[in-house]
Amino acid sequence: MQFNQYPELTTLSDSDLLLLQEATTLALRSVKLSTLKEFIGISTPTSKYGKYAQEVLKDVPYAYLQLNDLSGSTAIDISQNEYDCQYQGSVTYQQESSLVSDPENKSVKFDGNTRIVINPAGASPTSFSLECRFKTTNANGGLFGFDNGNSYDKDVYLENGRIKFLNYNGATIITPNTYNDSQWHTVLATVGSRGAEIWIDGELTVSNSNTNTQQYNANWYIGWGKYGNYFNGLIDEPSITYKQLSAVRIKARHLAAIS
Ligand SMILES: [Ca+2]
């Protein structure tokens, strides 16, 4: 067999054994591909995204804004949809990372008069999960909203420091505790077959059994909602996923953010 008939190295796994012959003694030695790679300094390619982003992308989000933007009015959506997301107002870019696992990551500071709109408008999902990291000392302000000027709900916002998830038809819930403590928190609000739930830092905090969501066409907003109004503080990694994430996935995502 000719050398070029053997599989290319890229088709081998790291655990495959290669047979090498020493040049001087002609002795044969077997070596794992991973050992050979390490010896000659070839690292296995990794994702260009950090641990947390890789977890979010596993759930195939409808939109996912890392808020690592350098400047300008465009917030880059790294979901497969690559939606047009626009800062409406001014923000401070390149703020501290909310992700322990990814110190190079950046967040954005919202000034209490700025929001991001996700274009185009679309139909209401019947099941969804909204997640972001946030840090603020302000007791009131919107994190997510779904609004067309006439109809609005699916709002996630701080109300007197507590997190409220407002859905039309009574699926509205609010956390017993407050979170405007200048610490990073993960909030996840979801509606689906389990009902409406708010998870804070990977723990189910409040829920009810109402699965109703109002149906209309609208745009999603980050840092603003009809009820919560504008947010003042840091937001990082907001994502919108059109399914109710399992408890296992919710905890895995939070763990990836803090470890
Ligand atoms: Ca970020």
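Quantities reported herein were computed from a predicted structural model and do not represent experimental measurements.

A. Summary view of the environment of Ser-13. As for its position among the elements, Ser-13 is in the segment before strand 1 (17-21). For the pair Ser-13 and Ser-34, spaced 21 residues apart in sequence, the C-alpha to C-alpha distance is 8.2 Å.

B. Just the nonpolar core, in detail. Counting 56 residues, the largest nonpolar core has Ala-63, Leu-65, Ile-116, Leu-143, Val-156, Val-187 and Ile-235 as the members making the most contacts within it. Ignoring any residue separated from it by four or fewer positions in sequence, one finds Val-156 in contact with Leu-130, Leu-143, Phe-144, Ile-163, Phe-165, Val-187 and Ala-189.

C. Broad picture of the sheet that holds strand 12 (residues 162-166). As summarised here, the arrangement of the eight strands in space is 4-5-8-17-10-11-12-13, forming an open sheet in which the pairing is antiparallel. Looking at strand neighbours, the two that pair on one side only are strand 4 (74-75) and strand 13 (173-178), the edges of this open sheet. Here strand 10 (residues 141-147) pairs with strand 17 (residues 217-222) via four bridges, running antiparallel. When the bridges of strand 17 are listed, Asp-147 appears paired with Asn-219.

D. Molecular detail of the domain arrangement of the chain. Domain assignment breaks the chain into domain 1 (3-40) and domain 2 (51-258). When each unit is reduced to the centre of its C-alpha atoms, the spacing between domain 1 and domain 2 is 48 Å.

E. Main features of the environment of Thr-178. Within the element layout of this structure, Thr-178 appears in strand 13. For the pair Thr-178 and Ser-193, spaced 15 residues apart in sequence, the C-alpha to C-alpha distance is 27 Å. Ignoring any residue separated from it by four or fewer positions in sequence, one finds Thr-178 in contact with Gly-161 and Arg-162.

The rules we used
- Residues numbered from 1 in each chain as written.
- Predicted model: local features only at pLDDT ≥ 70, side-chain atom pairs only at ≥ 80, totals over all residues.
- Helix = DSSP H or I, 4+ residues; strand = E, 2+ residues; numbered from the N terminus.
- Core = buried A, V, L, I, M, F, W, Y, C linked by C-beta atoms within 7 Å.
- Buried ≥ 20, exposed ≤ 12 C-beta atoms within 10 Å, placed from the backbone.
- Contact = placed C-beta atoms within 7 Å.
- Pairing = 2+ DSSP bridges.
- Domains from an automatic or database assignment.

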